[in-house]
Amino acid sequence: MLRDLLKTGSFAALHFTVGFGVAYLISGSLPVALGVALIEPAVNTVVFFFHERAWANYGGANVPADKKAPRVEHHHAFRPLRSVALPG
């Protein structure tokens, strides 16, 4: 949970910065850019948090091993490469 909150906070800061920059470039107005940068990323950050939680809970974590799609690195053609790239 703490990791999700920290990740969401860093995403919010990055999103605010990008949102402000883009809104300022488009509008040329600091008040408009600030308004857009405060409202849109705030809403998107809340949505992102719940999106991450949903993926953590339902994005395959609860799928039985026999029902999951095989991982590409488990394919027989990758076994020799895996032993070289990932010793141990």
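Before reading on, note that the structure itself is shown above.
Only a predicted model underlies this, so the values are computations on that prediction, with no experimental measurement involved. (Residues numbered from 1 in each chain as written. Predicted model: local features only at pLDDT ≥ 70, side-chain atom pairs only at ≥ 80, totals over all residues. Heavy atoms only, no water.)

S.K.: Before we move on, can you summarise the overall build of the protein chain with the specific residues and values?
M.R.: Summing up its helical and strand segments, the protein chain has 3 helices and 0 strands in all. N-terminal to C-terminal, the α/β element order of the protein chain is α-α-α. Considering only residue pairs separated by 6 or more positions, the protein chain has 53% of its internal contacts joining residues 24 or more positions apart. On the protein chain, roughly 7,000 Å² of surface is accessible, and the fraction owed to carbon and sulfur atoms is 71%. (Helix = DSSP H or I, 4+ residues; strand = E, 2+ residues; numbered from the N terminus. Contact = heavy atoms within 4.5 Å. Areas by Shrake-Rupley, 256 points an atom, 1.4 Å probe, with all protein chains shown as cover.)

S.K.: Got a sec to walk through the pattern of salt bridges? Specific residues and values, please.
M.R.: Applying the stated rule across the entire model yields 2 salt bridges. In this structure, Asp4 engages Arg53 in a salt bridge whose closest nitrogen and oxygen atoms are separated by 2.7 Å. One end of the pair, Asp4, is in helix α1 (residues 2–27); the other, Arg53, is in helix α2 (residues 30–58), with 49 residues separating them in the sequence. Overall, Asp4 belongs to the buried group, its relative accessible area being 13%. A salt bridge links Lys7 to Glu52, with the nearest nitrogen and oxygen atoms 3.0 Å apart. Placement of the pair is Lys7 in helix α1 and Glu52 in helix α2, with a sequence separation of 45 residues. (Salt bridge = Lys/Arg side-chain N within 4 Å of Asp/Glu carboxyl O. Buried < 20%, exposed > 50% of the residue type's maximum accessible area, 1.4 Å probe, protein only.)

S.K.: An account of the packing of aromatic side chains is needed here, citing residue identities and associated values.
M.R.: Evaluation of the coordinates by the stated rule reveals 4 aromatic pairs. Centre to centre, the rings of Phe11 and Phe48 are 4.2 Å apart; their planes meet at 15°, and the pair counts as stacked. Remark: Phe48 occurs in helix α2 and Phe11 occurs in helix α1; sequence separation between them is 37 residues. Given a relative accessible area of 25%, Phe11 falls into the partly exposed group. (Phe/Tyr/Trp six-rings, centres within 6.5 Å; stacked < 30°, edge-to-face > 60°.)

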